[in-house]
Amino acid sequence: LVIEMPASMVAYVMVAVHAGGRHEPDAYAGISHFLEHMIFSERRAPAALTELRQAGALINGSTDFEITRFHATVRPDQWEQALGAVARMVLAPRFDEAAVETERRVILEEMAMGKNHPAALVLVPMMRRIVPGSPLANLVIGREETVKRITAADLRAYWAGYYVPATLVVVAAG
């Protein structure tokens, strides 16, 4: 989807995947977020990230219950370069064990920082009462025990199952 905005001073590109926390089996809670980390990992995709940064891009990714997104904001004349770089990262990830362990440590640190956050302390018990047994009863980041056991093979299988044409939306605006 391309949305032309001739007067815009920036362009925004995004690859969104219909895969998030609600799609995860309980034993793999957090795998969507983990995969987002792997795709945007500095060690995993240095060329694509360097390409985007050299274009002056603001880049980020996010995961929620429904969607995982990878996006960049660049100058309007760089939207095709940015979209190509983001798409390459999403469509051709590598899952080497060293990178998996690095990102696992980062995610566990994120979890530790959020353990005493009031929203997390309220949200999980509330959702477990409203939708017991549902993936919606977990935080998108997952649980410590599930993040600790997710493997490169698990990430590869999840990516292969969800990162397919029917679940992808590619957008450029600017």
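Everything quoted here is computed from the prediction, not taken from an experiment.

### Remarks on the pattern of salt bridges
Now for step 1: Under the definition given, this model contains seven salt bridges.
Now for step 2: Salt-bridge contacts for Arg75 lead to Asp77; the nearest nitrogen and oxygen are separated by 3.2 Å.
Now for step 3: Across the pair Arg104 and Glu101 runs a salt bridge whose closest N-O atoms are separated by 2.9 Å. You can see Arg104 and its partner Glu101 sitting in helix α4 (residues 97–114), three residues apart, about one turn around the helix.
Now for step 4: Ionic contacts of the salt-bridge type, sharing partners, join the residues Asp26, Arg143 and Glu145 into one network.

### Concerning the sheet that holds strand β2 (residues 11–17)
Now for step 1: Across the sheet, five strands lie side by side as β1-β5-β2-β4-β3; this open sheet has mixed pairing. Edge positions in the sheet fall to β1 (2–3) and β3 (58–63), since each of these pairs with one other strand and no more.
Now for step 2: Here six bridges tie β3 to strand β4 (residues 68–74), and the two strands are oriented antiparallel to one another. Pairing of Ile59 across the sheet is with Ala72, part of β4.

### A look at empty space enclosed by the protein
Now for step 1: The full count for this structure, using the stated rule, is one cavity of 30 Å³ or more.
Now for step 2: If you add up the space inside the largest cavity, you get close to 40 Å³.
Now for step 3: Around the largest cavity, the lining residues are Gly21, Glu24, Pro25, Ala29, Phe65, Pro135, Asn138, Leu139 and Val140.
Now for step 4: In terms of residue class, the lining of the largest cavity is made up of six nonpolar, two polar and one charged.

### Quick look at the environment of Ala152
Now for step 1: As for its placement among the helices and strands, Ala152 is situated in helix α7 (residues 152–162).
Now for step 2: Note: C-alpha distance between Ala152 and Leu91 (61 residues apart in sequence) is 16 Å.
Now for step 3: Apart from residues no more than four positions distant in its own chain, Ala152 is found in contact with Phe95, Glu97 and Val100.

### Here's the deal with the pairing of β4
Now for step 1: Most of β4 sits inside the fold, with five of its seven residues counted as buried.
Now for step 2: Here β2 pairs with β4 via seven bridges, running antiparallel. Across the sheet, the residue bridging to Ala16 is Arg69, located in β4.
Now for step 3: Connecting β3 to the antiparallel partner β4 that follows it, the hairpin turn spans four residues.

### Observations regarding the pairing of β2
Now for step 1: For β2, the buried fraction is high: six of the seven residues fall into the buried class.
Now for step 2: With six bridges joining them, β2 and strand β5 (residues 168–173) adopt antiparallel strand pairing. The residue bridging Val13 from the neighbouring strand is Ala172, located in β5.

Conventions used here
Residues numbered from 1 in each chain as written. Predicted model: local features only at pLDDT ≥ 70, side-chain atom pairs only at ≥ 80, totals over all residues. Heavy atoms only, no water. Salt bridge = Lys/Arg side-chain N within 4 Å of Asp/Glu carboxyl O. Helix = DSSP H or I, 4+ residues; strand = E, 2+ residues; numbered from the N terminus. Pairing = 2+ DSSP bridges. 1 Å grid on protein atoms, 1.4 Å probe; cavity = no way out; pocket = protein on both sides within 12 Å on 5 of 7 lines; lining within 4 Å. Points joined across faces, edges and corners; volume = space filled by probe spheres on them. Nonpolar A, V, L, I, M, F, W, Y, C, P; charged D, E, K, R; others polar. Contact = heavy atoms within 4.5 Å. Buried < 20%, exposed > 50% of the residue type's maximum accessible area, 1.4 Å probe, protein only.

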